[in-house]
Each structure stands twice: as structure tokens, then as C-alpha cells.
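An overview of the molecular structure
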Amino acid sequence: MPRWIVLLALLLLSAGGVMAQDTPFESVTLVGTVQSVLGCEGDWQPDCAATYLTFDEEDQLWQATFSLPAGEYEYKVAIDNAWDISYGANAEANGADIPLVLAEDADVQFFFDPGTGWVADSVNFLIVNVPGNFQSEAGCPDDWSPGCLQTWLQDADGDGVYTYSVGTLPAGSYEAKVAANQSWD
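Overview of the structure. (Residues numbered from 1 in each chain as written. Predicted model: local features only at pLDDT ≥ 70, side-chain atom pairs only at ≥ 80, totals over all residues. Heavy atoms only, no water.)

**Quick notes on the pairing of strand β4 (residues 71–79)**
Bridging between strand β1 (residues 28–32) and β4 involves five bridges; their strand directions are antiparallel. Among the inter-strand pairings, G32 is bridged to a residue of β4, identified as Y75. By the bridge criterion, five bridges tie β4 to strand β6 (residues 98–102) in an arrangement that is antiparallel. Within the sheet, the bridge partner assigned to Y75 lies in β6 and is I98. By the bridge criterion, two bridges tie β4 to strand β5 (residues 86–87) in an arrangement that is antiparallel. Bridge pairing links A78 to S86 in β5. A loop of six residues connects β4 with β5, the two strands running antiparallel in sequence, and D80 in this loop sits at a positive phi of about 55°. (Pairing = 2+ DSSP bridges. Helix = DSSP H or I, 4+ residues; strand = E, 2+ residues; numbered from the N terminus.)

Here it is in C-alpha cells:
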């Protein structure tokens, strides 16, 4: 095998840095200063079940919606009830806390993608996806489904550019649109 192919393969394998696991964990906990207002005994507790996210089989994401009072918060996710693995800002393993400022009481939806390590909320981030006639090939139950987040656009590196990459699609002609907030509204 030519040396340049081996070098290219090594570069591709190392380019992504620490990759999130692509299989569900035992638990994913929203940890941070939100916990004490959501029923935990204190903040930054990776084993507090009151702030667990739930794995959504259809979307292949961990997610939950919590009602939070107005205030300034910080959060990230901890994996499997411990601090051994956590994800924060910019999809970084053991990354920085994510700030969340609420001017008024709000229901906030939180998401964690175990494939990319991206942690997002519905206040700081656009929750957009790419519905189209390819979605059933990408793992969604139906095509043209704005609610299926298997085609979720993500800004994992925090540069303001949201991306989605689909695996191999069969030969054909495909169409797509961008939908916000999991609806056609």
C-alpha cells in the first residue's frame, strides 16, 4: 500500500478529534445550574434522574423539554451518571459550559446527538432539519417529515454554519427543503 494512502487514512481518522459514541448510552443527564430549579438536590449532579434526557428511537437523539424560570444558567451533559464522559460547547468532550439566558419563564428543549457530541437547546440554537424525498433512505420513517431529526442540521463547531451529511444514497433524483422547529410553520 502506498505511503500516501496510509498517511491520508491516518489524517482522516484523526481529523475529527474525540468522537462521540454512535450508540445509545445508559443515561444522559443535563447537568449545570439548571438542576436545582428542576428538582435536583443541587447543581452539577450527573446522577440526578430529574434532569435525564430520554433517547428518542426515531430521531436517534437524546432529548427533553424542561420548564425553567427566568434567569441565567450554564449547562452541559454528563454520560452514564458520572463525569468520566461529558459534552459541552462546540460538541467537545469535557467541553466548556453552555450559557443559557432566559428573560422570562420558558419551556426549553434540550438535545444531545451521541454521534456528533453536539449539545443544543431551543433558545440558543436553531433547531432546523432537512426534510426531503430522501429521508426514508436516511433512517426516517417517512419522506418529507419536518419532525424527523435524523436529518438535523447542526452547528457542532459553533461557527454559525449548520450542516448535515447523509450517508450513501441510492442513485436517483432528490429534493429537500429546510424546516424550523420540527414543523412546516
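**Considering unusual backbone geometry**
Positioned with a positive phi, N90 is a non-glycine residue whose angle comes to about 60°. With respect to the helices and strands, N90 occurs in the loop between β5 and β6. For N94, which is not glycine, the phi dihedral falls at a positive 55°. With respect to the helices and strands, the residue N94 is situated in the loop between β5 and β6.

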